[in-house]
Amino acid sequence: MKTKSGTFVAILSAIALLASCAQMSPLEAQNDDLHKAVKNARTYTDHDKLAKQYRNAAKEMLIKVEDQKKLLQHYEEKSYLYGRQAQDKQSYTSALLHKYERAAEETLKQAAFHQRMTSELAHRDYSTSAETPPESNYENNARIGSDSKDRI
């Protein structure tokens, strides 16, 4: 009995190890790269690129929304072709449709946010000094202003 349970634990451990070492899907890898880019965005061009990426992703989601709408319409009109599975197919397609709609909305919100950041950075002209964050510019200006007051 001990050998069976030991073998079972060894197999279970091996499966867990293989699952943890599995490669990410291309979509997960793309999302991971996008999250890294968001964290490292500092300049006008960084936010502009992110806004474009989010807009493109939203377009893809909206295409999927249209595909799901067509498929749902087909399942509703031709439900007799699918028998007992017709309702399952309709509810699954409807759930996917709503998921893609929410994803498209969220992605458009992210695109709008990065577009606002782009316009703010362009307006403030911080795009030329990526290494100097805005806070340190304010500190430097405050120091310069206090130095000139001391001299007067």
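Residues numbered from 1 in each chain as written. Predicted model: local features only at pLDDT ≥ 70, side-chain atom pairs only at ≥ 80, totals over all residues. Heavy atoms only, no water.

1. Description of the overall build of the chain
Each helix and strand counted, the chain has five helices and zero strands in total. The buried share of the chain, taken over its 152 residues, is 16%. Taking as baseline every contact in the chain between residues at least 6 positions apart, the subset at least 24 positions apart corresponds to 62%. Summing over all exposed atoms, the chain offers an accessible surface of approximately 12,100 Å²; the carbon and sulfur share of this is 55%. (Helix = DSSP H or I, 4+ residues; strand = E, 2+ residues; numbered from the N terminus. Buried < 20%, exposed > 50% of the residue type's maximum accessible area, 1.4 Å probe, protein only. Contact = heavy atoms within 4.5 Å. Areas by Shrake-Rupley, 256 points an atom, 1.4 Å probe, with all protein chains shown as cover.)

2. Points about the environment of Thr45
You can see Thr45 is positioned in helix α3 (residues 44-77). On the accessibility criterion, Thr45 (42% relative accessible area) is partly exposed. In sequence terms Thr45 and Ala122 are 77 residues apart; their C-alpha atoms lie 9.3 Å from each other.

3. A look at the pattern of salt bridges
Using the criterion set out here, one finds two salt bridges in the structure. Asp48 serves as the salt-bridge partner of Lys52, at 3.6 Å between the closest nitrogen and oxygen. You can see Lys52 and its partner Asp48 sitting in helix α3, four residues apart, about one turn around the helix. The class of Asp48 is buried, set by a relative accessible area of 17%. Across the pair Glu66 and Lys69 runs a salt bridge, and its minimum N-O distance is 3.9 Å. Of the two residues, Glu66 and Lys69 are both situated in helix α3; the distance of three residues between them amounts to about one turn of the helix. Given the relative accessible area of 39%, Lys69 is considered partly exposed. (Salt bridge = Lys/Arg side-chain N within 4 Å of Asp/Glu carboxyl O.)

4. A word on the confidence of the model for the chain
For the chain, mean pLDDT is 74; residues scoring 70 or higher make up 57% of the total. By mean pLDDT, the top-scoring element of the chain is α3 (92), and the lowest-scoring one is helix α5 (residues 134-151) (44). Throughout residues 23-29 the model reports pLDDT below 50, and contacts reaching past four residues in sequence, or to other chains, amount to two contacts. Every residue in residues 135-152 scores below 50 in pLDDT, and together they form three contacts with partners more than four places removed in sequence or on other chains. (pLDDT = per-residue confidence, 0-100.)

5. Observations concerning the packing of aromatic side chains
Scanning all chains against the criterion turns up one aromatic pair. Where Tyr75 meets Tyr82, the ring centres are 5.1 Å apart and the plane angle is 85°; that geometry is what we call edge-to-face. With a relative accessible area of 25%, Tyr82 lands in the partly exposed category. (Phe/Tyr/Trp six-rings, centres within 6.5 Å; stacked < 30°, edge-to-face > 60°.)

6. A few points about the side chain of Gln68
Looking at the secondary structure, you find Gln68 in helix α3. For Gln68, a relative accessible area of 12% translates into the label buried.

7. Side note on the packing of α3 against helix α4 (residues 86-124)
The contact between α3 and α4 brings their axes to 7 Å, and the two run at 160°. Overall, the two elements α3 and α4 adopt an arrangement that is roughly antiparallel. In terms of crossing hand, the pair formed by α3 and α4 is left-handed. Counted by class, the contact of α3 with α4 contains 22 nonpolar, ten polar and seven charged residues. (Axes fitted to C-alpha atoms, helices over the stretch in contact; angles between N-to-C directions. Parallel < 35°, antiparallel > 145°, perpendicular 65-115°, else oblique. Left-handed = near helix turned anticlockwise from the far one by under 90°. Nonpolar A, V, L, I, M, F, W, Y, C, P; charged D, E, K, R; others polar.)

8. Notes on the nonpolar core
Residues Val65, Leu72, Leu96, Leu97 and Tyr100 constitute the largest nonpolar core, which totals five residues. Per element, the largest residue contribution to this core is three residues, and it comes from α4. (Core = buried A, V, L, I, M, F, W, Y, C linked by side-chain atoms within 4.5 Å.)

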